[in-house]
Structure formats: structure tokens, C-alpha cells
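Now for the letters of each chain:
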Amino acid sequence: MVGSETAVEDKLEKVTLEDPVIEEGSDEEDVNPTATAADGEGAKKKKKKKNKKKKKGPKTQTEPPTVPVSKIFTNAIYPVGECHDYRDDNLWRTTSEEKRALERDQESNYNDVRRAAEVHRQVRQYIQKILKPGMTLTEIAETIENGTRALVEENGMEAGIGFPTGLSLNHCAAHFTPNAGDKTVLTYDDVMKVDFGVHVNGRIVDSAFTHHFNPKFDKLVEAAREATNAGIQAAGIDVRLCDIGAAVNEVYDSYEIELDGKTYDIKPIRNLNGHTIEPYKIHAGKSIPIVRDTGDETKLEEGEQLAIETFCSTGRGYVIEDGECSHYARSHDSGFVPLRLPKAKSLLATINQHFGTLPFCRRYLDRIGETKYLMALRNLTDAGLVTAYPPLCDTKGSYTAQFEHTILLRPTCKEIVSKGDDY
Ligand code: HZT
Ligand code: MN
Ligand code: MN
């Protein structure tokens with residue numbers, strides 16, 4: 001069965017699941033309070049419009065998105081994601097009173113991650129609508145980031161961007177975002193992985209889609225969507241990681257693509273994985289394979305938050321680090337390391353203050369006023385205090401695709417928090 005189970009949640013869904021209507025401009029800011037009957041025909045029209053009684057009703061999102069989701073979901077309860085019952089040996093969980101009680105204790109945490117997910121859905125709906133060949137990657141990244149900051153009401157470490165906006169093109173699969181001065185322009189023949197994150201109180205939603213204009217890439221993108229869905233279907237409490245990899249691989253095996261007269265296998269990228277997520281920790285420990293025969297018999301457990309993501313390629317199906325680095329994050333496991341450079345010390349303090357352990361990129365350092373920080377940043381990565389995450393790319397000339405959702409292995413059901421009507 002699909003859908004949430006408890007009476008409380010059923011009620012919450014009825015209250016909150018109506019899709020907010022997206023309209024142009026806000027209903028309040030368009031009013032011209034000085035227009036009068038003497039203003040002539042054009043003004044009359046305006047007046048007629050403005051004099052129409054403002055419809056009282058649910059507040060709606062603007063284009064570009066500027067309205068905090070808290071102003072749309074005024075009861076502060078956010079939509080529950082798509083829920084799936086567990087299967088086989090875990091069918092009993094659906095109706096277990098004990099498991100329902102465990103969930104009641106987590107409602108506030110669930111609501112935080114659902115608020116982040118609602119921001120993700122609204123921001124991506126807008127970006128999908130406006131993506132056009134000719135846009136720069138910088139424009140795209142800033143549109144997503146401005147939308148995220150506004151809708152989540154960015155506030156110190158309590159709410160904001162979860163990690164840098166990945167905008168990886170073609171043979172690059174992940175972890176590219178423009179650095180300052182990057183002039184890359186999106187073209188009709190690009191395949192772009194759009195991977196962005198939103199957090200509320202450290203509860204991160206990590207979700208990604210692939211955008212293309214040229215229909216010749218349809219099969220590649222469909223393969224990634226369907227393989228990710230297979231991974232989501234396979235995931236569950238007590239499920240072995242290797243069994244998820246096998247389910248994903250099987251879907252990729254059923255796809256091929258013809259590009260400019262040549263047929264390519266669509267391969268999973270064997271050294272990319274999904275991952276568990278913990279508060280303020282984008283990769284918490286478990287890696288979720290996307291190929292068979294990894295031999296990883298580790299099992300998923302109750303309460304885990306997962307990013308299920310799969311990648312495919314027309315190339316070798318293996319990525320290497322390639323190109324200028326943009327993504328960084330404080331290491332979780334670095335003990336005390338003495339720093340000799342005062343500039344490295346103060347940069348570390350700035351990173352701690354603004355990002356904590358959340359990933360950041362060079363543009364985020366620029367916007368908070370840091371300058372000439374590359375030496376200091378290099379010092380921090382060399383000391384193991386900060387980890388660099390360079391772009392991950394397959395062979396030149398190949399094409400890669402990705403889809404990703406954040407899911408919760410709740411005690412009574414699997415919730416696909418970031419599910420939308422788009423993917
Ligand atoms: C690292 C740095 C970031 C986590 C996956 C990912 C984007 O490849 C274990 C499995 C943001 C995320 C991450 F800035 N990575 N999801 N979305 N990237 S990962 C990883 O490093 S570690 C996968
Ligand atoms: Mn991601
Ligand atoms: Mn991820």
C-alpha cells in the first residue's frame with residue numbers, strides 16, 4: 001500500500017498536501033495605490049485589476065521563488081513524502097503500535113526534513129521551467145541558491161543550503177559548481193546533473209535530476225531515473241546493500257542508447273554510490289552501491305536517512321577526479337592539528353562559523369567577503385581538517401546521467417521525502 005498510515009498523518013496530509021499554486025509576482029506587491037479614474041485607459045485597467053477584491057486563500061509561490069514555505073504552510077506542518085509499506089518479514093511494522101510510538105517522538109525531526117524537501121521541490125520546479133541553452137552555469141547556480149535561501153529562510157546554522165549546487169555537464173557526473181569568473185554556458189547538446197541540498201536544523205535533503213534538451217539523450221536519462229527508482233524500491237530495513245546494487249544494475253543492463261549512429265551500453269558508474277545521512281553530515285558512513293557483486297552484506301537499519309542516487313554513463317562507467325575543485329567540507333574525524341599560518345587559522349574559524357561540517361564551495365567563501373583564501377584553504381586540506389571534493393568525471397566524450405532522492409527508513413514505512421510530481 002502507498003500512503004501514510006496513522007490517523008494523525010492522514011489528517012496532516014489532507015491539510016497540507018494540496019499543491020500550492022505557482023503564480024507570477026506576489027499578490028500584494030503589484031498594487032498601484034496612486035492610480036485614479038483620471039489616469040486614463042491604461043491606468044483604468046490597472047485600477048480595475050487592483051480593485052478586484054483580493055482573493056483570500058492560500059498564499060502561493062512567486063517566479064522566481066521568494067515566498068518562504070512557512071508562509072504557504074501556515075500551520076508549520078509540511079507535506080509527508082510518498083510512503084511505502086515494508087515487505088516480507090517487515091510487513092508487521094505498518095500497524096505496530098510500538099513502531100508508531102517511536103515515530104511520534106521523531107515527528108519534529110521529520111517535519112524539519114519535509115520542510116527542506118518542500119523547498120527543494122519548489123526551487124527545482126522553477127529552475128526546470130526556466131532552464132534554456134545560453135544560460136551560464138553561474139546564473140543557474142545562483143538562481144537555485146537564492147531560491148533556497150529565501151524559501152528556507154536561511155538562518156545561521158539552523159536553516160539553509162545543505163551543500164553546493166552541483167551542475168555537472170556531460171562526462172562529468174558530480175561535484176562541479178562554477179567558481180568565480182566561470183563563463184561556462186549551457187548548450188542544447190549538454191546533459192546536466194542538477195544536484196542541490198537544503199537543510200533545516202541539519203536535516204539535509206539531497207536530491208538530484210538530469211536535464212537535457214536534445215531528445216537523443218532520452219534513453220540515458222530514462223535509464224538513470226528508472227534505476228534510481230529501482231534502488232528506492234529495493235531499499236528497506238534489514239535489506240543488504242549488495243541487494244540494492246544488484247537491483248540497480250539489473251535496470252541499467254536493460255538499457256542501451258544510439259548516439260549519432262553508434263550504439264552504447266548504458267553502464268552504472270561503479271565507483272559512485274548512495275549514502276546514509278545524519279544531522280549536518282552529508283555522508284554518514286554507509287555507501288549504497290549501484291553495481292552487483294560488491295559483496296557488501298551490511299544491512300540498512302531502522303531510522304536511517306538515505307540518499308539513494310544512481311549514475312550511468314556511455315563511457316567506461318568509472319569516474320576520476322578531474323578539473324578545478326569547488327566543493328569542500330570540514331572533516332568529521334580530524335582531531336587537533338596545530339596550524340602555523342594565521343590565515344589558515346582564521347579561515348578555519350570562518351568555515352566553522354558559517355558552514356560547520358556542511359559542504360561549501362569557493363563562491364560561498366567569496367560572498368561572505370573572504371578574499372585570497374586559496375593558500376589557507378590548501379593548508380587546511382593538507383592538514384586533513386578540510387576535505388576537497390573535486391569534480392568526478394568519466395572519459396572525455398562520454399555522457400553521464402543521475403537521479404537522487406532522500407528517503408527515511410521510518411519505523412513503520414519507507415518515506416521518499418523529496419518525491420515530487422517531476423521525479
Ligand atoms: C560530498 C560533498 C558534497 C557526498 C555524494 C553526493 C552530491 O560522492 C559516500 C557516498 C556534497 C555531497 C557529498 F559537497 N557525495 N551526493 N550529492 N554528492 S560523495 C559520497 O562524496 S560519500 C557518496
Ligand atoms: Mn546529491
Ligand atoms: Mn548524495
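Residues numbered from 1 in each chain as written. Chains lettered and ligands numbered in written order. Predicted model: local features only at pLDDT ≥ 70, side-chain atom pairs only at ≥ 80, totals over all residues. Heavy atoms only, no water.

Student: Give a detailed account of the coordination of the manganese ion (ligand 2), specifying residues and quantitative values.
Tutor: At 2.0 to 2.3 Å from the manganese ion (ligand 2) lie its protein donor atoms, namely Asp195 (OD), Asp195 (OD), Asp206 (OD) and Glu404 (OE). All donors of the manganese ion (ligand 2) come from a single chain, and their spacing in sequence reads D-x10-D-x197-E. (Donors = N, O, S within 2.8 Å, 3.2 Å for Na, K, Ca; no water.)

Student: Would you mind going over the sheet that holds strand β3 (residues 172-174) in detail, with residue names and values included?
Tutor: Pairing in this open sheet of 3 strands is antiparallel, and the strands run β3-β16-β12 from one edge to the other. Only two strands of the sheet have a single neighbouring strand rather than two, namely β3 and β12 (320-321). Pairing of β12 with strand β16 (residues 392-393), which is carried by 2 bridges, proceeds in the antiparallel orientation. From the neighbouring strand, glutamate 321 faces β16, where its bridge partner is leucine 392. (Pairing = 2+ DSSP bridges. Helix = DSSP H or I, 4+ residues; strand = E, 2+ residues; numbered from the N terminus.)

Student: Which residues make up the site of ligand 1, and what are the values?
Tutor: Neighbouring residues of ligand 1: 16 residues in total, closest His175, Asp195, Asp206, Glu309 and Pro359. Contact distances for ligand 1 include 2.7 Å between a nitrogen atom and a side-chain N or O atom of histidine 175. Here ligand 1 has 490 Å² of accessible area as a free molecule, and 88% of this is covered by the chains. Counting atoms within 2 Å of the grid points, the majority share of ligand 1 lands in the second largest pocket. When residues of the shell around ligand 1 are traced back to their parent elements, those giving at least two are β2 (159-169) and β9 (274-277). (Near = heavy atom within 4 Å. Polar contact = N/O pair within 3.5 Å; in protein donor to acceptor, adjacent residues only side chain to side chain. Areas by Shrake-Rupley, 256 points an atom, 1.4 Å probe, with all protein chains shown as cover. 1 Å grid on protein atoms, 1.4 Å probe; cavity = no way out; pocket = protein on both sides within 12 Å on 5 of 7 lines; lining within 4 Å. Sits in = over half its atoms within 2 Å of the grid points.)

Student: Go over unusual backbone geometry with me, naming the residues and quoting the values.
Tutor: With an omega dihedral of 0 degrees, the bond running from glutamate 63 to proline 64 counts as a cis peptide bond. Within the secondary structure layout, proline 64 lies in the loop between α2 (41-51) and β1 (82-84). A positive phi is found at tyrosine 280, a non-glycine position, where the angle reads about 60 degrees. Along the chain, the position of tyrosine 280 falls in the loop between β9 and β10 (287-288). Owing to a relative accessible area of 24%, tyrosine 280 belongs among the partly exposed residues under this scheme. (Buried < 20%, exposed > 50% of the residue type's maximum accessible area, 1.4 Å probe, protein only.)

Student: Got a sec to walk through the nonpolar core? Specific residues and values, please.
Tutor: Counting 76 residues, the largest nonpolar core has Ile140 and Met192 as the members making the most contacts within it. Beyond its immediate chain neighbours, meaning those up to four positions away, isoleucine 140 contacts Ile127, Leu131, Met135, Leu167, Leu186 and Met192. Tyr328, Phe355, Tyr364 and Val386 belong to the second-largest nonpolar core, a separate cluster that totals 19 residues. (Core = buried A, V, L, I, M, F, W, Y, C linked by side-chain atoms within 4.5 Å. Contact = heavy atoms within 4.5 Å.)

Student: Outline the sheet that holds strand β13 (residues 327-330), supporting the account with residue identities and numerical values.
Tutor: Read across the sheet, 3 strands follow the order β14-β13-β15 without closing on themselves; strand pairing throughout is antiparallel. The sheet is open, and its two edges are formed by β14 (360-361) and β15 (386-389), each paired on a single side. In this structure, β13 lies alongside β14, joined through 2 bridges in antiparallel fashion. Counted as the bridge partner of histidine 327 is cysteine 361 from β14. Along the sheet, helix α10 (residues 374-382) contacts β13, β14 and β15; its crossing angle with β15, the most-contacted strand, is approximately 105 degrees. (Axes fitted to C-alpha atoms, helices over the stretch in contact; angles between N-to-C directions.)

Student: I'd like a description of helix α4 (residues 107-130), backed by residues and values.
Tutor: Because the α-helix completes a turn every 3.6 residues, residues three or four places apart line up on one side. Relative to the 34 Å expected for 24 residues at 1.5 Å per residue, α4 spans 35 Å between its end C-alpha atoms, a close match to the ideal helical length. With 17 of its 24 residues buried, α4 lies for the most part within the structure. (Expected span 1.5 Å × (residues − 1).)

Student: Account for the coordination of the manganese ion (ligand 3), naming residues and giving values.
Tutor: Those donors, Asp206 (OD), His275 (NE2), Glu309 (OE) and Glu404 (OE), are the protein atoms that reach the manganese ion (ligand 3), and they lie 2.1 to 2.2 Å from it. Written as a sequence motif, the donor residues of the manganese ion (ligand 3) are D-x68-H-x33-E-x94-E. Separating the manganese ion (ligand 3) from the manganese ion (ligand 2) is a gap of 3.3 Å, bridged by aspartate 206, which donates to each. With aspartate 206 in strand β5 (residues 203-212) and glutamate 404 in strand β17 (residues 400-409), this pair connects stretches of sequence that are 198 residues apart.

Student: Could you give me a rundown of the environment of alanine 401, with the residues and numbers involved?
Tutor: Tracing the sequence through the fold places alanine 401 in strand β17. Look at alanine 401 and you get buried, because its relative accessible area is 0%. Here the alpha-carbon distance between alanine 401 and alanine 223, two residues 178 residues apart in the chain, equals 8.3 Å. When neighbours within four sequence positions are excluded, alanine 401 is seen to be in contact with Lys193, Thr210, Leu220, Val221, Ala224, Thr310, Phe311 and Cys312.

Student: Explain the packing of aromatic side chains to me, using residue names and the numbers behind them.
Tutor: Here a ring pair, both rings aromatic, is described through the centre-centre distance and the interplanar angle of the planes. Scanning all chains against the criterion turns up 6 aromatic pairs. Ring-pair connections join several aromatic residues into one group, and the members of that group are Phe209, Phe403 and Tyr423. Above the plane of the ring of tyrosine 423 lies arginine 124, whose end atom (NZ or CZ) is 4.1 Å from the centre. The cationic tip of lysine 262 hangs over the ring face of tyrosine 264; the distance from NZ or CZ to the ring centre is 4.6 Å. (Phe/Tyr/Trp six-rings, centres within 6.5 Å; stacked < 30°, edge-to-face > 60°. Lys NZ or Arg CZ within 6 Å of the ring centre and 35° of its normal.)

Student: Kindly report on the state of the cysteines, identifying the contributing residues and their values.
Tutor: Counted by the stated rule, this structure contains 1 disulfide. Note on cysteine connectivity: cysteine 172 is disulfide-linked to cysteine 393, with sulfurs 2.3 Å apart. Measuring handedness by torsion sign, the sulfur bridge of cysteine 172 and cysteine 393 sits at about 90 degrees and is right-handed. With cysteine 172 in strand β3 and cysteine 393 in strand β16, the pair connects residues that are 221 residues apart, well separated along the chain. Accessibility assignment for this pair places cysteine 172 and cysteine 393 in one class, buried. (Disulfide = S-S within 2.5 Å.)

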